[in-house]
Amino acid sequence: MNNMKLVVSVFFLGGVIGLGGISARADSLTSARAQGVISQDVMTEGSYCHTKFESIREETLASSQPVLKDTDDIVDFYGACNHDPLGKEEIQSQKIEMQHRFQNEYND
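Attention in this report is confined to the structure presented alongside it. (Residues numbered from 1 in each chain as written. Predicted model: local features only at pLDDT ≥ 70, side-chain atom pairs only at ≥ 80, totals over all residues. Heavy atoms only, no water.)

**Some thoughts on the pattern of salt bridges**
- On inspection of all chains with the given rule, the structure shows four salt bridges.
- Salt-bridge contacts for Glu59 lead to Arg57; the nearest nitrogen and oxygen are separated by 3.0 Å.
- Note on Arg57: relative accessible area 37%, which makes it partly exposed.
- Residue Glu58 is joined to Arg101 by a salt bridge in which the shortest nitrogen-to-oxygen separation is 2.7 Å. Taken as a pair, Glu58 in the loop between strand E2 (48-54) and strand E3 (74-80) and Arg101 in helix H2 (residues 88-106) lie far apart in primary sequence, 43 residues in all.
- With a relative accessible area of 33%, Glu58 lands in the partly exposed category.
- Bridged by salt links that share partners, the residues Glu58, Glu97 and Arg101 form one connected network. (Salt bridge = Lys/Arg side-chain N within 4 Å of Asp/Glu carboxyl O. Buried < 20%, exposed > 50% of the residue type's maximum accessible area, 1.4 Å probe, protein only. Helix = DSSP H or I, 4+ residues; strand = E, 2+ residues; numbered from the N terminus.)

What follows is the structure, encoded as structure tokens:
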């Protein structure tokens, strides 16, 4: 009887520890997806990466909290591995891209 309690306790404890590890991995995956990163391939360890992520919604580019699009509008970025899809550099880059598109559409 005592051996059975010990076995059940060990299985229960092992299950709790195992599910805790899965939860931690799921949280990190959710965090990466929350930033809109679709894929990231490391070219040079600690230096350059090829990253694909969702672009920022144009109507939120000027706001203090920009929001990523939920469409197939993907940015193909090659540069620093710690590049933030919602960072200042990316916001500026997408603003310039939006201005170029506007000029091309209305100056023809």
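We are not done yet, so read on.
**What to know about the sheet that holds strand E1 (residues 37-44)**
- Taken in spatial order, the three strands line up as E1-E2-E3 in an open sheet, and their pairing is antiparallel. Edge positions in the open sheet fall to E1 and E3, since each of these has one partner strand only. Going from strand to strand, the sheet's axes swing by 15° on average, the running direction of each strand aside.
- With seven bridges joining them, E2 and E3 adopt antiparallel strand pairing. By the bridge assignment for E3, Thr51 is matched with Phe77. (Pairing = 2+ DSSP bridges. Axes fitted to C-alpha atoms, helices over the stretch in contact; angles between N-to-C directions.)

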